[in-house]
Amino acid sequence: MRRLTLRTVALGYLALILLGPLSIVFWRAFEKGFGPAWSAVTNPEAMHAFKLTLEITAIAVPANTIFGVLCALLIVRHPFPGKGLLNALVDLPLALSPIVVGFALFLLYGRTGWFGSWLSAHGIHVLFAMPSMILATAFVSIPFVVREVVPVLREIGTDQEQAAETLGASQWQVFRRVTFPAIRWAVAYGVVLTTARSLGEYGAVSVVSGRLAGQTETATLYVSDRYENFDIVGAYAASVVLALMAIAVLITMNLLRPKEGVH
Amino acid sequence: MRRVSPFGGLTLGVVVTYLSLVVALPLTALIWQSTKGGKTGFWESLTSPEAIAALKLTLGASLVVALINAITGTIIAWVLVRDEFPGKGVVNALIDLPFALPTIVAGLTMLALYGPRSPVGIDVAYTRTAIVLALLFVTLPFVVRTVQPVLQELDRELEEAAESLGASNWQTFSRVVFPNLLPGILSGVALAFAKAIGEFGSIVIITGNIPFKTEVSSVYIFGQIESGNTSGAAAASVVLLTISFGVLLLIGALRRWATRHHA
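Conventions and cut-offs
Residues numbered from 1 in each chain as written. Chains lettered and ligands numbered in written order. Predicted model: local features only at pLDDT ≥ 70, side-chain atom pairs only at ≥ 80, totals over all residues. Axes fitted to C-alpha atoms, helices over the stretch in contact; angles between N-to-C directions. Helix = DSSP H or I, 4+ residues; strand = E, 2+ residues; numbered from the N terminus. Parallel < 35°, antiparallel > 145°, perpendicular 65-115°, else oblique. Contact = placed C-beta atoms within 7 Å. Nonpolar A, V, L, I, M, F, W, Y, C, P; charged D, E, K, R; others polar. Domains from an automatic or database assignment. Core = buried A, V, L, I, M, F, W, Y, C linked by C-beta atoms within 7 Å. Buried ≥ 20, exposed ≤ 12 C-beta atoms within 10 Å, placed from the backbone. Expected span 1.5 Å × (residues − 1).

Where helix α1 (residues 2–29) of chain A meets helix α6 (residues 103–114) of chain B, the axes come as close as 8 Å, and the angle between the chain directions of the two elements is 85°. Taken together, α1(A) and α6(B) sit at an angle that is classed as roughly perpendicular. For the pair formed by α1(A) and α6(B), the contact residues are A:Gly20, A:Pro21, A:Leu22, A:Ile24, A:Val25 and A:Arg28 on the first element and B:Leu108, B:Thr109, B:Met110, B:Ala112 and B:Leu113 on the second. Looking at the contact of α1(A) with α6(B) residue by residue, the classes come out as eight nonpolar, two polar and one charged.

This is the structure we're talking about:
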């Protein structure tokens, strides 16, 4: 039966590529019992890494959300020269290697970089410190809010906004009462995607952070640090925490998805 | 002139400034760095045997992965739209897991099942097969998510008409369904290819990064940065940047083609 064959192929592939590997991670993390796994994610170094990841996300996500909404308004509602370039730059992080992103920031803020000598003369640390890690995270997660909001803005058109304006509403009132309620689920969905991408960033951050344990080490860097130091339980335990976060993201995505037919 | 946003002309200023600071400026620094050594310097860094081998491997592996995705992604999308089975909702939600899961965790995940301590006795660690497996994991969502909405919208009456006119299953698929899916499949494949070209986190652990054997371009660039060869890293980065831009242009063209196809 054709239907059954296709189902078997699809589910078999998913089991081999996705579910199989993922379930082994959980098993590996708790191989030596719950205790070692627990202490691997609650020791000061791990706690600091998770805290740093959350702090970076807490800055990059709101910044990209405000940018994303404004950028979407600009793309949909305002013709201007260079729009094609703007679109291309916003999409680029979807296709560009995070290593290249990190390296570009490294060149800009490093000792010999354009801003490097001025910054170090003024005692401002960007590279191997929080600012460059925030910039790297913001770079890689820039497209998501824009890409979710643009199609919705296109679809709702401007009739209602014009009506509100005719009735004497100010520009801010129109945005708050008409435009924003129409795009809020798309914004929310975009925020979830941005958050997921920010929490998981590894390549760009590993170039710009200097990977100093307990200082500039994020959760993903902690995972690779543990692995490189042959602390397999530690690496897998921290992975489990990140995987649980990813599953929380998936659940949120699915709660948001049916609303207004986003995707 | 049409109202742009509640923030008026400020919007353009904010969007352009933010995008310049986060995306455009670092990329300009990168391109500038690559031209520093002159044409010959750039060319020498570009054509060093290790860089060429890494690029060839990256392109080859990404191509293989994109093609596998074209087939498996279409089958999975088909099963998720046309088939009914218990747990379908969960399977559908899991498709996005590779997006939500940090890439370094994805790498450890593949290593746990297909590495030296594999519980199923398959050990592909430090081989090119490992690269393909890791890339298949991280690129899973793209084709599924571009084909799925097209299949959902596809008018089933067309297929029923074809069948009632005596077309076989295969004829109905190849003559009726496939032409409609093609633009979606191609943009999904292009996105998967772009993602695969730049992938770092999931590959860096499982392949061992042996030059000329399992070293892909992003890992090569990382190595060059670590060893202080800035011009080598810059040349290879510019190559990846160019490929990313090219793929994005291609996806843009595909989208326009799909819209015209639809109209």
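This part is about the domain arrangement of chain A. Residues and elements named next belong to chain A. Looking at the assigned domains, one finds that chain A contains domain 1 (1–30) and domain 2 (33–261). Distance from the C-alpha centre of domain 1 to the C-alpha centre of domain 2: 30 Å. When its residues are assigned to classes, the side of domain 1 that touches domain 2 shows five nonpolar, no polar and one charged.

Moving on to the nonpolar core. By size, the foremost hydrophobic cluster in this structure holds 167 residues, and its most contacted members are A:Phe103, B:Leu108 and B:Ala134. Ranked by residues supplied to this core, first place goes to helix α3 (residues 44–77) of chain A with 14 residues. A domain-level breakdown of this core finds at least three residues from each of domain 1 (1–30) and domain 2 (33–261) of chain A. Ignoring any residue separated from it by four or fewer positions in sequence, one finds B:Ala134 in contact with B:Ala106, B:Gly107, B:Met110, B:Ser202, B:Ile203 and B:Ile206.

Counting buried positions along helix α12 (residues 219–228) of chain A gives eight out of ten residues, so the element sits mostly inside the fold. Within the span of α12(A), buried status applies to A:Ala219, A:Thr220, A:Leu221, A:Tyr222, A:Val223, A:Ser224, A:Arg226 and A:Tyr227. Along its buried surface, α12(A) packs onto α3, α10 (171–200), α11 (203–208) and α13 (232–256) of chain A together with α6 and α10 (201–206) of chain B. Positive phi appears at A:Phe230, one or two residues downstream of α12(A), with a value of about 60°.

This part covers the environment of B:Asp155. Positionally, B:Asp155 belongs in the loop between α7 (128–153) and α8 (156–164). Separated by 22 residues in the primary sequence, B:Asp155 and B:Val177 place their C-alpha atoms 9.5 Å from one another.

Quick look at helix α5 (residues 98–109) of chain A now. Residues and elements named next belong to chain A. For α5, with twelve residues, the first-to-last C-alpha span of 17 Å sits near the 16 Å given by 1.5 Å per residue. Of all twelve residues in α5, twelve are buried; the element is thus mostly enclosed. Where α5 is concerned, the buried positions are Pro-98, Ile-99, Val-100, Val-101, Gly-102, Phe-103, Ala-104, Leu-105, Phe-106, Leu-107, Leu-108 and Tyr-109.

Residues and elements named next belong to chain B. With a phi angle near 65°, Tyr-126 is a residue other than glycine that sits in the positive phi range. Mapping Tyr-126 onto the fold places it in the loop between α6 and α7. Judged by C-beta crowding, with 16 C-beta atoms within 10 Å, Tyr-126 ranks as partly exposed.

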